[in-house]
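Fold and contact review
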Amino acid sequence: MIKQDISKYKHVWVFIEHENGEVARVSFELLTKARELAKDLGCEVHAFTVGDKVEQFADEVFKYGAKKFFVIEDPFLKDYITEPYRDAIVHLIEKHKPEVVLIGATTLGRDLAGTIATVLQTGLTADTTALDIDPKTKNLLMTRPTFGGNLMATIFCPDNRPQMSTSRPGVYKAIEEPAKGQVVKEEFEFDKSKYTKQIIEKIIEEGEKVNLGFYDIVVSGGFGMGSKENMKLIQELADVLGGTWAASRKAVQAGWAPQTRQVGQTGQTVHPKIYIACGISGAIQHQAGMKSSEVIIAINKDPDAPIFEIATYGIMGDVIEVLPKMTQMFKEKLGKA
Amino acid sequence: MHFLVFIKQVPDAAQVRVDYETGTLIREGVPAIINPFDKHAIEAAVRLKNQFGGKVSVVCMGPPMAEDALKEAMSMGADKAFLLSDRIFAGSDTLATSYALWAAAKQIIKEEGPVDVFFAGKQAIDGDTAQTGPGIATRFNVPLITYVVDIKNVDPEKKTLELVRLLESGQEVIQTTMPCFLTVEEELNTLSYAPLPYLIRAAKTSVKVLNSKNTEIEAEYCGLKNSPTKVRKAFTPPKRERGEMIEGDSVDGIINQLYEKIEPVLKTMGKVQ
Amino acid sequence: MSKKDFDVIVVGAGPAGMAAAYVLAKAGVDVIVIERGKFPGSKNVMGGIFYRKPMDDLIPEFYKEAPIERHIVEQRMWLMDDVSHFSMGIKTQKHNSEPYNCFSVLRAQFDKWFSKKVVEAGALLINETVVTEPIVENGKVVGVRTDRPQGDLYADCVIAADGVQSFLAKSLGLRKKITPNKVALGVKEIIGLSEEQVNDRFGIKDSKEGVTIEITGPFLKGMEGMAWMYTNKNSVSIGIGVIIDDLINHNMNPNDLLESLKNHPSVLPLIEGGETREYLAHVIPEGGYKSVPRMYADGFMVAGDAAMLVDSVHREGSNLAVESGKLAAKTYLEARESGDFSEKTLSRYQEKLEETYVLQDLRYYKNLPELLEEKRYLLTEYPQFLIDAMTEIYTVDGVPKPEKFRKIKGELKSRFGYIGLAKDLYTIWRKLR
Ligand SMILES: Cc1cc2nc3c(=O)[nH]c(=O)nc-3n(C[C@H](O)[C@H](O)[C@H](O)COP(=O)(O)OP(=O)(O)OC[C@H]3O[C@@H](n4cnc5c(N)ncnc54)[C@H](O)[C@@H]3O)c2cc1C
Ligand SMILES: Cc1cc2nc3c(=O)[nH]c(=O)nc-3n(C[C@H](O)[C@H](O)[C@H](O)COP(=O)(O)OP(=O)(O)OC[C@H]3O[C@@H](n4cnc5c(N)ncnc54)[C@H](O)[C@@H]3O)c2cc1C
Ligand SMILES: Nc1ncnc2c1ncn2[C@@H]1O[C@H](COP(=O)(O)O)[C@@H](O)[C@H]1O
């Protein structure tokens, strides 16, 4: 292991993820969390990113409390490509030596974080759901689920800097706390011939760009919904509740919902206040993505369905019968009738 | 062409249960399987081999019993199997693991020739880190393409290929040169039922063991001591108790009861007054 | 001579198939074993008593390395009705030292270990592959077809060790359809307990020693069957096997039967508080000697359960499987000298088995299945009488002993009649001759 002088590293850095000129919400969530960590460490929160025309995000970034915003701008960085992004970010990190680097555990963030940590030869904890500062050592304590959510591990990185973590979207709330910040522009020379990868085509699934993690209420349908048409019952309930809808993998595989709405081990992880599982058996892989919801309501016609083992409230019944009535009732109660 | 697949042997997460008294996982009797994503990586490599010729090598770092995983990979059609097994690897985190696998891969390249496409699973279902693949790719300094769901337009002459990969908001098609490193999703392919000759060959071929003696792996980068991240504690999340079944004579009655129970929560969310 | 991939194809990696493959591989024969399970043992069900002798001949002192649970030092026999049991048995230190008499084993582990030895000996083992039919050319078995792509295999000889349902033996017409009066349905559970609990409850001093209990009697309501309990290291195997016809006639479901066994006042304290780890169900051939088929054809031999080699009286099966597998292999080795794998040469296999205890034991009991089928009351009324008599003798109630014995004698007479009794004894004696 490469030994470092870790005392040279200072400040909590948050990566500002962006796509098509928009900042990913998880970046704001992490800025909010970073403020807490910075308070415990007695340092500042800094944001950083690379790309084409990214300085424009400065205002938003400062709104969430960043004191500095480090950027490298280059038209070459217009679209996310792992290697040039990595090299530019490594340049920033090596130059400014942050103590902590937080990145959203999104598709992009997970692609990027592993390669950066390897170049920097430092530790990276993936997919964390809690971050704390050890009051004694001031080390970052990163807690994450493993084994499909059956075990939690608290991980730390005592001898290497920066301490890196990717954090799941939706775990922290984004709360504004405007600060007066300063943009720091850095230069990076690309040897463009080094990069032999290019994007040929992007297929954006219109309207399906959904981060289930943003919603406080998730209504989820499984194979017990019976058909694609019946998935409407779920969507209607979600609409009335002001939440979003999701699906189990079997429902996704049946073509009733896009993969982007899958909850579970191979889909998204959600922690809403209310999760309503309709016609979902509750396989461990599904549970891995929703077990930490505050209230779980399960509707299933099989009294032995494993979902009832973790449900706060269980209703034994036929979704086709229960859901329309439930939607109607909420419509009345929430004054949307 | 030469394809090298990194496979991990993992406990079948679906069968792991929690002992809430001791706060540990019950692994006894839980079968060890090939990480499900990695199987699709093997399948993809074997299909490319069948289409373009060449061979598929597989490597797994783990205890001696991981040989079973490699044998299974061979019965899926892999040609060469390497077990990276040494005490010095115990307790490795992803940085140390990617170092060891990188060093082992260099040895495999020495023995079997240069690799065109490296494969790993998107993530391992025990740790779910998704870091090992990117780590190895970075060490080889080859293009990394994660979350691959399709492989297209392979040109063995020009040494290029196209990959469809998942994005948060859809998909993108990437063209890259070889050698390159792919981490793959389950959607990439459906596993085929292997022909009998594959199984026979797998049963006849032995797995080559790599360790710190027959590779140029440096112990100072391996194992718990040389891993930057350490586990401070592991604990089981509080058990979710079986809640309440809401029963009643009519569906309406049940739904009303439910509403009363969750009304306070809806209030805190500002959904009702 | 058609194609040839291997010298011998063994179908099924149970004890019969593996014993055959082991002997062949050791002799340098190119042998392949095809098993449909994920690994050997993954589909196997056995109450769990494995006898040492035939295996020890094959792999001397195997018990020192094989995953055995406990060596058996005590074997109990219970006659049980709904509220009582009358116990007999033998516990002997002669069975408490090497080389031991028999062991409790968990087949999933034992078979896996055995298969490792077989592979080390040089056989090829192919798992997760189902043999779908024999390949027959000119009336001769020349290979097997499997469910895999490119799945045909050719060999000099096929040894079918594919268990009680033996699809291979049936499809070659060697075996008649098994009738439901000749097979039992066995169901079993493994109930997890701590080592100490097992030791205390079964009265054994350390975790290496084990106990078996065989249970029959009126609690079976006149059905022909047997229940058992075997101690494993930290669990108890409990099971019950009943002739399928009886289950149907009594409208009984084996799961309910197992449940009521587990809740019997004599049984419950032994397993109470344990957690059910596994549940298994399987068919046991109980037709005895008369159901043993011709065990050979051109290029073909049948071993183990596939040849109906189960001695239900002594719950022996796996040992007969090992013995028959060995002999099939030896027969092949002899045939190989002349290069002649015809029916005639391979018929030596069955002759060899007739010379061993395997078929001699089965022949000894050959009439028993029919006897019991005819006279079901032998299984209920005599045991009930014994239980009642013992209860009477042990009850201290002021009745003088001579009167008690008179009463018992009177019961014997009124229940069976002296003539009936003599007849029954005579029949049993004759049938077992
Ligand atoms: C490596 C791996 C990863 C996986 N990842 C995921 C993942 O990320 N997410 C995921 O969800 N799964 C995942 N799975 C699959 C998982 O194991 C289950 O197969 C899946 O979750 C089952 O989906 P389901 O509950 O919708 O369907 P089923 O298991 O078929 O359950 C349907 C349920 O609906 C009930 N039902 C039927 N009709 C009605 C009705 N009319 N009214 C009420 N109830 C009804 C039934 O009683 C049943 O409980 C993964 C599996 C593997 C091997
Ligand atoms: C409940 C129960 C309790 C028992 N208790 C005892 C006991 O205490 N002691 C004792 O000695 N015996 C006992 N027996 C009997 C004993 O289990 C059998 O006699 C013994 O397992 C027979 O061995 P075998 O190799 O012939 O068959 P099996 O062990 O049945 O092996 C046959 C193998 O062939 C495979 N196979 C089948 N068909 C195919 C195919 N088409 N293609 C590929 N593979 C195939 C199967 O997967 C299996 O692995 C018990 C049996 C039962 C059911
Ligand atoms: N011990 C290992 N041996 C071989 N490949 C591994 C090992 N650990 C991880 N991998 C590969 O890296 C991928 C991601 O694993 P992880 O980073 O642990 O989520 C897996 O799907 C494997 O392809």
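The present account deals with the structure reproduced in this document. (Residues numbered from 1 in each chain as written. Chains lettered and ligands numbered in written order. Predicted model: local features only at pLDDT ≥ 70, side-chain atom pairs only at ≥ 80, totals over all residues. Heavy atoms only, no water.)

**A closer look at the sheet that holds strand 6 (residues 100–104) of chain A**
Two strands in a sheet stick together by hydrogen bonds in their backbones, pointing the same way (parallel) or opposite ways (antiparallel). All names here are of chain A. Where we set the bar: By definition, two strands form a pair when at least two bridges between them are found by DSSP. Helix numbering and strand numbering both begin at the N terminus, where a helix is a DSSP run of H or I of at least 4 residues and a strand a DSSP run of E of at least 2. Axis geometry follows a simple rule: fit a line to the C-alpha atoms, using only the stretch in contact for helices, then measure angles between N-to-C directions, giving values from 0 to 180 degrees. Two residues form a contact once any of their heavy atoms are found within 4.5 Å.
The strand order across the open sheet built from seven strands is 7-11-6-1-4-5-12, with neighbouring strands paired in parallel fashion. In this open sheet, the two strands that pair with only one neighbour each are strand 7 (124–128) and strand 12 (182–186). Geometrically, the sheet is characterised by an average inter-axis angle of 25° between neighbouring strands, direction not taken into account. Sheet strands in contact with helix 1 (residues 25–41) are strand 1 (12–15), strand 4 (45–51), strand 6 and strand 11 (163–167), and its direction is about 175° off that of strand 1.

**Observations concerning the sheet that holds strand 15 (residues 244–245) of chain B**
Strand order in the open sheet formed by six strands is 15(A)-14(A)-16(A)-17(A)-18(A)-15(B), with parallel pairing between adjacent strands. The two strands at the open ends of the sheet, each matched to only one other strand, are strand 15 (244–247) of chain A together with strand 15 of chain B. Along the sheet, helix 9 (residues 319–333) of chain A makes contact with strand 16 (274–278) and strand 17 (295–300) of chain A, crossing strand 17 of chain A at roughly 135°. Packed onto the sheet, helix 6 (residues 251–268) of chain B meets strand 14 (217–221), strand 16, strand 17 and strand 18 (313–316) of chain A together with strand 15 of chain B and runs at close to 160° relative to strand 18 of chain A.

**Considering the site of ligand 1**
Operational definition: Whether a residue is near a molecule or strand is decided by its heavy atoms; if any one of them lies within 4 Å of it, the residue is near. Polar contacts, as used here, are pairs of N or O atoms within 3.5 Å; protein pairs need one atom able to donate a hydrogen and one able to accept it. Residues neighboring in sequence count only if both atoms are side-chain atoms. Each accessible area is a Shrake-Rupley result for a 1.4 Å probe, and residues are judged covered by the shown protein chains and nothing else. Note that Gly is not counted as nonpolar here; it falls among the polar residues with everything else outside the nonpolar set of Ala, Val, Leu, Ile, Met, Phe, Trp, Tyr, Cys and Pro and the charged set of Asp, Glu, Lys and Arg.
Neighbouring ligand 1 are 26 residues, the closest being Phe223(A), Ser248(A), Lys250(A), Thr266(A) and Gln285(A). At ligand 1, the nearby residues belong to more than one chain, namely chains A and B. A distance of 3.4 Å separates a nitrogen atom of ligand 1 from a polar atom in the backbone of Gly224(A). Contact distances for ligand 1 include 2.8 Å between an oxygen atom and a side-chain N or O atom of His286(A). In isolation ligand 1 offers 980 Å² of accessible surface; the protein chains occlude 81% of this area. Every element with two or more residues in the shell around ligand 1 is listed here: helix 6 (249–253) and helix 7 (284–287) of chain A. Its residues assigned to classes, the shell around ligand 1 shows six nonpolar, 14 polar and six charged.

**Considering the environment of Glu316(C)**
All names here are of chain C. If you trace the backbone, Glu-316 turns up in the loop between strand 17 (300–302) and helix 9 (318–338). Placed 265 residues apart in sequence, Glu-316 and Tyr-51 show a C-alpha to C-alpha distance of 8.0 Å. Those residues in contact with Glu-316 that sit more than four places away from it in its chain are Tyr-51, Val-310, Asp-311, Tyr-357 and Asp-361. Engagement of the side chain of Glu-316 in a polar contact is seen with the side chain of Asn-319, the distance being 2.9 Å.

**Comments concerning the packing of aromatic side chains**
Under the convention used in this document: Only centres within 6.5 Å qualify two rings of Phe, Tyr or Trp (six-membered ring in Trp) as a pair; their planes then separate them into stacked at under 30 degrees, edge-to-face at over 60, and tilted for everything else. Exposure categories follow from relative accessible area, calculated using a 1.4 Å probe and restricted to protein chains: below 20% of the type maximum is buried, above 50% is exposed, and the middle band is partly exposed. Whether a charge sits over a ring comes down to the Lys NZ or Arg CZ being within 6 Å of the ring centre and within 35 degrees of the ring normal.
On inspection of all chains with the given rule, the structure shows 35 aromatic pairs over all chains. Note on Trp13(A) and Phe48(A): the rings are 5.0 Å apart at their centroids and 40° apart in plane angle, and the pair reads as tilted. Here the residue Trp13(A) occupies a position in strand 1, and Phe48(A) occupies one in strand 4, the gap between them amounting to 35 residues. Residue classification places Trp13(A) among the buried positions, given a relative accessible area of 1%. An aromatic cluster is built from Phe50(C), Phe62(C), Tyr63(C), Tyr100(C), Phe103(C), Phe110(C), Trp113(C) and Phe114(C), whose rings are joined through pairwise contacts. It is Lys106(B) that lies over the ring of Trp102(B); its NZ or CZ is 3.8 Å from the centre. The ring of Phe39(C) has Lys112(C) lying over it, and the distance from NZ or CZ to the ring centre is 4.3 Å.

**A word on empty space enclosed by the protein**
A water-sized probe rolled over the atoms picks out the places where empty space is left. Short version of the rule: With a 1 Å grid spanning the protein atoms alone, the term cavity applies to any set of points in which a 1.4 Å probe fits but cannot get out, the term pocket to an open set with protein on both sides within 12 Å along at least five of seven lines, and the term lining residue to any residue with an atom within 4 Å of a point. Grid points are joined across faces, edges and corners, and a volume is the space filled by probe spheres set on the points.
Here the structure, examined in full by the defined rule, presents six cavities of 30 Å³ or more. Volume-wise, the largest cavity comes out at about 80 Å³. Lining the largest cavity are 13 residues; nearest its centre among them are Ala117(A), Leu124(A), Thr94(B), Leu95(B) and Gln131(B). Of all the elements in the fold, those that place two or more residues in the lining of the largest cavity are helix 4 (107–120) of chain A together with helix 3 (94–112) of chain B. Here the residues of the lining of the largest cavity are counted per class, giving three nonpolar, nine polar and one charged. Taken as a whole, the second largest cavity holds about 60 Å³ of empty space.

**Digging into unusual backbone geometry**
At the junction of Met178(B) and Pro179(B), the peptide bond is cis and its omega measures out at 0° in the coordinates. Mapped onto the secondary structure, Pro179(B) falls in the loop between strand 11 (170–177) and strand 12 (180–184). Cis geometry marks the peptide bond from Glu98(C) to Pro99(C); its omega dihedral reads 5°. For Pro99(C), the location among the structural elements is in the loop between strand 5 (85–91) and strand 6 (102–105). Here Tyr100(C), not a glycine, exhibits a phi torsion of approximately 65°, which is positive.

**Regarding the interface of chain A and chain B**
As a reminder of what qualifies: Buried area adds together the accessible area that both of two parts lose upon being put together, with accessible area traced by a 1.4 Å probe. Salt bridges, as used here, are contacts in which a Lys or Arg side-chain nitrogen is within 4 Å of a carboxyl oxygen on Asp or Glu.
Contacts between the two partners involve 90 residues from chain A and, on the opposite side, 83 residues from chain B. Of the roughly 7600 Å² buried between chain A and chain B on both sides combined, carbon and sulfur atoms contribute 58%. On inspection of chain A and its partner chain B, the count reaches four salt bridges. The closest approach of N and O atoms between Arg249(A) and Glu186(B), which form a salt bridge, is 2.6 Å. At the junction of chain A and chain B, the tally comes to 29 residue pairs in polar contact (both at pLDDT 80 or more). Where strand 18 of chain A meets strand 15 of chain B, two bridges bridge the pair, whose relative direction is parallel. Bridge pairing in strand 15 of chain B places Gly314(A) opposite Met245(B).

**What about the packing of helix 2 (residues 67–75) of chain B against helix 5 (residues 196–204) of chain B?**
Residues and elements named next belong to chain B. Stated formally: A clockwise turn of the near helix away from the far one marks a right-handed crossing, whereas an anticlockwise turn of less than a right angle marks a left-handed crossing.
As a packed pair, helix 2 and helix 5 sit with axes 7 Å apart at the nearest point and diverge in direction by 145°. Like other packed secondary-structure pairs, helix 2 and helix 5 cross with a definite hand, here right-handed. Here helix 2 contributes Lys-71, Met-74 and Ser-75 to the contact with helix 5, which in turn contributes Tyr-198, Leu-199, Arg-201, Ala-202 and Ala-203. Of the residues belonging to the contact of helix 2 with helix 5, the class tally is five nonpolar, one polar and two charged.

**With respect to the interface of chain C and chain B**
Counting residues at the interface gives 17 residues for chain C and eleven residues for chain B. For the pairing of chain C and chain B, the buried interface totals around 1100 Å² over both sides, and the portion due to carbon and sulfur atoms is 65%. The largest contributions to the chain C side of the interface with chain B come from Leu124(C), Ile126(C) and Arg148(C), which together make up 41% of the buried area. Our enumeration of links across chain C and chain B arrives at zero salt bridges. Taken together, the links from chain C to chain B amount to four residue pairs in polar contact (both at pLDDT 80 or more).

**Some details on the arrangement of the chains**
Contacts are most numerous, across the two pairs of chains in contact, for chains A and B. In this view chain A stays clear of chain C, with the nearest C-alpha atoms of the two still 18 Å from each other.

**Concerning the site of ligand 3**
Residue and element names in this part refer to chain B. Neighbouring ligand 3 are 18 residues; Phe-6, Asp-38, Thr-129, Ala-130 and Thr-132 lie closest to it. Separating a nitrogen atom of ligand 3 from a backbone N or O atom of Ile-7 is a distance of 3.2 Å. A distance of 2.8 Å separates an oxygen atom of ligand 3 from a polar backbone atom of Ala-130. Summarising the interface, the protein chains cover 97% of the accessible area of ligand 3, which totals 480 Å² for the free molecule. Secondary structure elements with two or more residues in the shell around ligand 3: strand 6 (55–61), strand 8 (117–121) and helix 4 (132–140). Counting residues per element, the shell around ligand 3 draws most heavily on strand 6, which supplies three residues. A class-by-class count of the residues in the shell around ligand 3 yields nine nonpolar, seven polar and two charged.

**A short note on the pairing of strand 8 (residues 131–137) of chain C**
Residues and elements named next belong to chain C. Relative to strand 9 (residues 140–146), strand 8 is paired through six bridges, and the arrangement is antiparallel. Looking at the pairing, Val-131 lines up with Thr-146 of strand 9. Between strand 8 and strand 9, which pair antiparallel one after the other, the connecting turn spans two residues, and Asn-138 there sits at a positive phi close to 50°.

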